[in-house]
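For reference, the chains in residue letters:
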Amino acid sequence: MQRYSDEIIDEVRQANDIVDIISQYVHLKRSGRNFFGLCPFHSEKSPSFSVSPDKQIFHCFGCGVGGNVFTFLTKIEGINFIEAVQTLAERSNIQLPTLENNADAGKELLKSKVYKVNEYAANYYHQNLYKPEAKVAQEYIKKRKLTKETLESFQIGFSGKFDELYQELKKQGFEETEILESGLVNRNDRGQYIDRYRNRLMFPICDSRGRVIAFGGRVLDDSKPKYINSPENAVYSKGRNLFGLNVAKRGDIKQILIVEGYMDVISLHQRGITNVVAPLGTALTGQQGWLLRKNSEKIILSFDSDEAGLTAKIRAIDILQDMGCDIRILQMEGAKDPDEYIIKYGNARFHNLVEKAISVIEFKVKVLKQNLNLENVNDKIKFLNEIAKLIAKVTNTIEREVYIEKIAKEYDISKEAIYAEVNKLAYSRGKSEKILEKAKPLISHKKIEENEIPQAIKKRENTVISILLTGDINIFQIIKQNIQVENFKDRINQQIAKKLYEEFQKGNSNINSIIDMLGEEEQSHITEIMADDYEIENVEKAIDDIMQSYEKDKLNSRKFEILQLLEANQADEQKKEWEKELSEIIIRLAKMK
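Model, not experiment: these values are computed from the prediction.

### Let's talk about the overall build of the chain
And step 1. Broken down by element type, the chain carries 26 helices and 16 strands.
And step 2. Its C-alpha atoms give the chain a radius of gyration of 32 Å, clearly above 25 Å, the size a compact globule of 593 residues would have.
And step 3. Viewed in the frame of its principal axes, the chain has a C-alpha envelope of about 105 × 75 × 45 Å.
And step 4. Considering the chain as a whole, with its 593 residues, one finds that 45% of them fall into the buried category.
And step 5. A sequence separation of at least 24 residues applies to 63% of the contacts in the chain between residues at least 6 apart.
And step 6. Summed over all atoms, the accessible surface of the chain reaches about 32700 Å², with 48% contributed by carbon and sulfur.
And step 7. Here the chain carries 88 positive and 91 negative side-chain charges, and the mean point of each set is 5 Å from the other.

Structure, rendered in structure tokens:
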């Protein structure tokens, strides 16, 4: 499989520091030579995700995932290797050559065509909006007081009848395959091509780079469904994108306001609130969370005040908290959403509302209070206990003090009572942790598999891989003379060694490019070896020690083999030869100690 040249890939790699890239998604803190944070690929409370600026790798000691900057991007964004190279090249202003004869070239070509179909459709719909046939859409826009500038910023449009778009796309030379893949046209049982969107107000959905990836269409009468959206396809995944982010990025997005729908975003933007986005559906996903974490420092949640909106808020809080985001929750009275609020009370009051957005703890306390009557003694005790549980989870002492002070004053609860409950929980948790530490391990009666590889052998093999990863061809030649690929007992080590041997034999000692050729499992194992940091000061001595240990294994294996032969064949003519060989082996082993 051909791809971009190693030179180009290395240029892109070197232009994108792994700490800079990962810190856009994960809150990292330096500890020694490395950075640590919560792993984005599995749920955890204590940071086990390590990023090495020296080696330009990441590795999670919790779930075992690891790799380089390309690996990280493919996993976090759900894209392939080629797309990762292209994304990072664009970020660092590196011009990539045309990619030819690639196994993924067909997919890449289809995607590029779908982007063009979408771009043409967005322009076509937008031009339709100004035609006489779009009177119903024009009346709706007038009613919502949307300006021409807003219509152009979001490329709002209007879809026509039956197969108008399909016919236009055919005239432009697009083929059925790419038209159908875009999701803009359906083919019925009779083989007819019919536009998915007909007589609807159209909202193009763009990715963060501004490429049109999908559409949402709103009816302009009472028919159902009110909204229909593009299906997921070669360029669109609703859980990985946010509506309006491409427009919001034109301004300051140090803090981002999250609302529910297209019109919420558009109306607020027109009224000067430009740092606003919406998930493509009611529930925020993990991937959308990472996208927010990458682009902003503070996230303000503002979903509708109904039960569905409350559920969406709680889910979003859980997702964003795990990512280390600074989260605030907008509190509104007298309106069901930000758009209605700003129309009623104006921009100034809304900005003030944003400034006063409350913390997660304060929000959870308010939700808790909704279902309790604080005039009732039992309810008040329950309220106090639940508050204590929330505050006990806050690790920052100053932050904890502020919450206790504020909650005690607001709900007329003694500070001392809150402190007492929080301290009791903290003591109880600390005591249970100590008990757990002292607990004796359970005795496992699981039978050890005969082919299970001893840890000492795994460690030795890992050390060999670690030395090979220096990329020194001369050292490789020494190792190859003494250790064959089949000598590696661990399956993954053998696969890694096989690839390293093959590439070194060709004269390719570019370790980064070799790692890119390996699968996910092998990459994770390599980063684990690199993260362990064997700190070999004298490579030649380390190789001598390893060779000697391999030789010792061979001699011991032969020794036991001879002992078995002697036991089974006591009258054999070869007995004296075996005994002589055994004696020589014992002497050689003695000299090795």
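### A short note on the pairing of strand β16 (residues 326-329)
And step 1. Burial along β16 is one-sided: the residues I327 and I329 are buried and none of D326 and R328 is.
And step 2. Note: strand β15 (residues 298-301) against β16, four bridges, orientation parallel. Bridged to L301 within β16 is I329.

### Quick look at the pattern of salt bridges
And step 1. In this structure the tally under the stated criterion is 26 salt bridges.
And step 2. Measuring nitrogen to oxygen at the nearest pair gives 3.2 Å for the salt bridge that ties E520 to K75. In this pair, E520 sits in helix α24 (residues 520-532) while K75 sits in helix α3 (residues 69-77), placing the two residues 445 residues apart along the sequence.
And step 3. Connected via shared salt-bridge partners are K498, K499, E502, E503 and K506.

### A word on the environment of F476
And step 1. Within the element layout of this structure, F476 appears in helix α21 (residues 473-482).
And step 2. By relative accessible area, which is 0% here, F476 ends up buried.
And step 3. Sequence separation between F476 and I22 is 454 residues; the distance between their C-alpha atoms is 33 Å.
And step 4. Among all residues touching F476, those that are not within four sequence positions of it are L468, Y501, F504 and Q505.

### With respect to the packing of α21 against helix α22 (residues 491-505)
Packed helix pairs are characterised by how far apart their axes lie and by the angle those axes make with each other.
And step 1. It is the contact of α21 with α22, at a shortest axis distance of 11 Å, that shows an interaxial angle of 120°. One finds that α21 runs oblique with respect to α22. The two elements α21 and α22 cross, and the hand of that crossing is left-handed. For the pair α21 and α22, contact is made by I473, F476, I479 and K480 and by Y501, F504 and Q505, respectively.
And step 2. Partitioning the contact of α21 with α22 into residue classes produces five nonpolar, one polar and one charged.

### Some words on the packing of aromatic side chains
And step 1. Taken as a whole and assessed by the stated rule, the structure comprises 21 aromatic pairs.
And step 2. Members of the aromatic cluster, connected to one another through ring pairs, are Y25, F41, F49, F58 and F72.
And step 3. Cation over ring: K75 sits above F41, and NZ or CZ is 5.3 Å from the ring centre.
And step 4. Between the NZ or CZ atom of K559 and the centre of the ring of F560, over which it lies, the distance is 5.2 Å.

### Here's the deal with the pairing of strand β4 (residues 57-60)
And step 1. Residue alternation in β4 divides its side chains into two sets, I57 and H59 and F58 and C60, and both sets are buried.
And step 2. Across four bridges, strand β3 (residues 49-52) lies against β4 in antiparallel orientation. Bridging from a neighbouring strand, S50 pairs with H59 of β4.
And step 3. One ladder, built from two bridges, connects β4 with strand β5 (residues 66-67); its direction is antiparallel. Bridge pairing links H59 to G66 in β5.

Basis of the calculations
- Residues numbered from 1 in each chain as written.
- Predicted model: local features only at pLDDT ≥ 70, side-chain atom pairs only at ≥ 80, totals over all residues.
- Heavy atoms only, no water.
- Helix = DSSP H or I, 4+ residues; strand = E, 2+ residues; numbered from the N terminus.
- Rg over C-alpha atoms; globule rule 2.2 N^0.38 Å.
- Buried < 20%, exposed > 50% of the residue type's maximum accessible area, 1.4 Å probe, protein only.
- Contact = heavy atoms within 4.5 Å.
- Areas by Shrake-Rupley, 256 points an atom, 1.4 Å probe, with all protein chains shown as cover.
- Lys, Arg positive; Asp, Glu negative; His and termini not counted.
- Charge placed at Lys NZ, Arg CZ, Asp CG, Glu CD.
- Pairing = 2+ DSSP bridges.
- Salt bridge = Lys/Arg side-chain N within 4 Å of Asp/Glu carboxyl O.
- Axes fitted to C-alpha atoms, helices over the stretch in contact; angles between N-to-C directions.
- Parallel < 35°, antiparallel > 145°, perpendicular 65-115°, else oblique.
- Left-handed = near helix turned anticlockwise from the far one by under 90°.
- Nonpolar A, V, L, I, M, F, W, Y, C, P; charged D, E, K, R; others polar.
- Phe/Tyr/Trp six-rings, centres within 6.5 Å; stacked < 30°, edge-to-face > 60°.
- Lys NZ or Arg CZ within 6 Å of the ring centre and 35° of its normal.

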